[in-house]
Every structure is written in C-alpha cells, then in structure tokens.
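Observations on the model geometry
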Amino acid sequence: MSERDANASDGCSSSPARPGAAAGGLSRRACLLSAASFAAPAAWLAAPQAAHAGGQLEEPLMDSVRSALSSAIANHAPPEPEFFTTEARLHYLRWLGTQSDRLRRRKPEWEVRRDFLQTVWYESKRAGLDVSLVLGLIQVESGFRKFAVSSVGARGYMQVMPFWTRVIGDGDAGKLFHMQTNLRFGCVILRHYIDREQGDLFMALGRYNGSRGRSPYPDAVFGAQRSWAFADRPTAPAA
C-alpha cells in the first residue's frame, strides 16, 4: 500500500517522516543577505554539473531518534500520490506540468521527468517539507544528476553521505544511487536537521551541508528554491 503523501492543506494526506514535530520556517538570517553573500551562491549555481555537498557529519544519535529515522526510511512503497479531492489532484497535475517544463533541459525524456518529479513530491510531502525547497537543494547539491558523487563521497540527487545507510539503513551504500532511496534518505535527514534546529532552515541547511552557521550554502539553496516556486492559477469553472 502506498503512503498518502500530501499535506492536509493540499487536500490530500501525508505521513510526515520525522521524529519530532517542529515547524519549518525561514530565519531572519536567511532573509537578511549581505552584499558579500551574493557572490558565493551565484558562483555555486553557475556550475550545475558539480556536486557541491560538503557532507553531513556523523553525530551520535539517541536510540529513540535512531529508531525513528530507521522507521522513516524503511517503507519503500511506490510513490503514488493519493488525493482527497479532485481539485487537489488538479493542483498536483498543474504543478507537475509547470515543473516538467522547467526541468526539460536537464531531463529531456518525459517519463524520466515525470517519475523524478512525482517521487520528489511524494517524499517531500511525506517528510513535511516544502517541495520547492527540496528541488532547490537538489539543484545545488547535484545539478539533478542521479549518479553524482562529491569529493567527500556524498551520493546521488540529494548527496547523502554513505554512513547514513549504516546508521539508519541496511548498510548498503550502493542503494543511494536508487532514485527513491536517495530522495527518501535526503528528505528524512533534512527533516531531522530542521527538527534539531527547531525550525531554523538556515541552520538546518548548513547542518545538512556540513557547514552549519555559514551562509554560502543556505543562501544558494534559498536562491535555487525561488526557481521552483509554484503559484497555482486554477482554471475558472465554465459559466
């Protein structure tokens, strides 16, 4: 059975994969960009073929957190979105069409784009994350390359460090090149960091990248996120 993946506000269900329930939100630091902070993100985004992960750092986890994270990545049901209402489904289809057009240059084949975007939607909603944030992070981390490997060994779309498969998975780091596995790990880990930072996205993104407290990486992700924002414009019903 597939897990229901979208937030209640989208008219569909979700199964947040997180050990806590802290709400995410932009910190003031992410909004107050100094003039000096623009150069690094701009350079970062200018080279989409590079894998820019600094690498999540392995940290001791309480048994309860380890168990919760292990449970969060365990169920690999097919990422089939389920919707409560017709309008919620139409909203998703409009989102899919818009983002597919934006992604066409990086993934020319329609089936590949559709499967990727559907899985990003599913795993983001499942983890209680903004889909545009996850897409922005993928753009910065891997340039949407499934088999990207960073200089420190982070793998795949969301540049997940192999130690996570030992800490909360079955130890098979090769699975991080499987699309849904990589996106599942990445979203669960990002949700974990957001909860640890009590909703501070700036600090959580820095922790994800191994550069906690420094601005270039979070600023680059926030900049890329804007490229994936989606302002829905439902079609007015016929008179």
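Residues numbered from 1 in each chain as written. Predicted model: local features only at pLDDT ≥ 70, side-chain atom pairs only at ≥ 80, totals over all residues. Heavy atoms only, no water.

Moving on: the overall build of the protein chain. Within the protein chain one finds 10 helices and 0 strands. Each helix and strand of the protein chain, ordered N terminal to C terminal, gives the series α-α-α-α-α-α-α-α-α-α. A total of 239 residues make up the protein chain; the buried ones form 49% of that total. Of the roughly 11000 Å² of accessible surface on the protein chain, a fraction of 55% belongs to carbon and sulfur atoms. (Helix = DSSP H or I, 4+ residues; strand = E, 2+ residues; numbered from the N terminus. Buried < 20%, exposed > 50% of the residue type's maximum accessible area, 1.4 Å probe, protein only. Areas by Shrake-Rupley, 256 points an atom, 1.4 Å probe, with all protein chains shown as cover.)

Our next topic: unusual backbone geometry. With phi around 65 degrees, Phe144 is a residue other than glycine that occupies positive phi space. Its location among the elements puts Phe144 in the loop between helix 6 (131-142) and helix 7 (163-168). Phi is positive for Gln198, close to 55 degrees, though the residue is something other than glycine. For Gln198, the location among the structural elements is in the loop between helix 8 (179-196) and helix 9 (201-209). Look at Gln198 and you get exposed, because its relative accessible area is 70%.

For the rest of this paragraph, the subject is the confidence of the model for the protein chain. Summarising the model, the protein chain shows a mean pLDDT of 80, and 74% of its residues fall at 70 or more. Under a pLDDT of 50 for its full length, residues 1-50 has, in the predicted model, 115 contacts with residues more than four places off or in other chains. (pLDDT = per-residue confidence, 0-100. Contact = heavy atoms within 4.5 Å.)

On to helix 6, then. Helical geometry: 3.6 residues make up each α-helical turn, so side chains three or four residues apart lie on a common side. The end-to-end C-alpha distance of helix 6, which contains 12 residues, comes to 16 Å, matching closely the 16 Å that a straight helix rising 1.5 Å per residue would cover. Counting buried positions over the 12 residues of helix 6 gives 12, a clear majority of the element. Listing the buried residues of helix 6 in full gives Val131, Ser132, Leu133, Val134, Leu135, Gly136, Leu137, Ile138, Gln139, Val140, Glu141 and Ser142. Positive phi appears at Gly143, one or two residues downstream of helix 6, with a value of about 60 degrees. (Expected span 1.5 Å × (residues − 1).)

Counting 54 residues, the largest nonpolar core has Phe116, Leu135, Ile138, Met158, Trp164 and Tyr208 as its most contacted members. Listing elements by their share of this core, those giving two or more residues are helix 3 (63-74), helix 4 (86-103), helix 5 (110-126), helix 6, helix 7, helix 8, helix 9 and helix 10 (216-226). Looking at this core, the element that brings in the most residues is helix 8, giving 9 residues. Excluding its chain neighbours within four sequence positions, the residues that come into contact with Tyr208 are Gly55, Gln56, Leu137, Glu141, Met158, Gln159, Val160, Gly186, Ile189, Leu190, Tyr193 and Tyr217. (Core = buried A, V, L, I, M, F, W, Y, C linked by side-chain atoms within 4.5 Å.)

The next thing to look at is empty space enclosed by the protein. The full count for this structure, using the stated rule, is 2 cavities of 30 Å³ or more. Looking at the second largest cavity, its volume works out to about 30 Å³. Taken together, Leu57, Glu59, Leu61, Trp164, His192, Tyr193 and Arg196 make up the lining of the second largest cavity. Considering each element in turn, the lining of the second largest cavity owes the most residues, 3 residues, to helix 8. Grouping the constituent residues of the lining of the second largest cavity by class yields 4 nonpolar, 1 polar and 2 charged. (1 Å grid on protein atoms, 1.4 Å probe; cavity = no way out; pocket = protein on both sides within 12 Å on 5 of 7 lines; lining within 4 Å. Points joined across faces, edges and corners; volume = space filled by probe spheres on them. Nonpolar A, V, L, I, M, F, W, Y, C, P; charged D, E, K, R; others polar.)

Here we take up the pattern of salt bridges. The tally for this structure, following the rule as stated, stands at 10 salt bridges. Between Asp232 and Arg94 there is a salt bridge whose closest N-O contact spans 2.7 Å. Of this pair, Asp232 sits in the segment after helix 10 while Arg94 sits in helix 4; the two residues are 138 residues apart in sequence, bridging distant segments of the chain. What makes Asp232 partly exposed here is its relative accessible area of 24%. Its salt-bridge partner being Glu197, residue Arg207 comes within 2.9 Å of it at the nearest N-O pair. Taken together, the residues span a long stretch of sequence, with Arg207 in helix 9 and Glu197 in the loop between helix 8 and helix 9 at a distance of 10 residues. The class of Glu197 is buried, set by a relative accessible area of 9%. When salt bridges with common partners are traced through the structure, they connect Glu87, Arg94 and Asp232 into a single cluster. (Salt bridge = Lys/Arg side-chain N within 4 Å of Asp/Glu carboxyl O.)

An ideal rise of 1.5 Å per residue puts 16 Å on 12 residues; helix 3 measures up with 16 Å between its terminal C-alpha atoms. Along its buried surface, helix 3 packs onto helix 5, helix 7 and helix 8.

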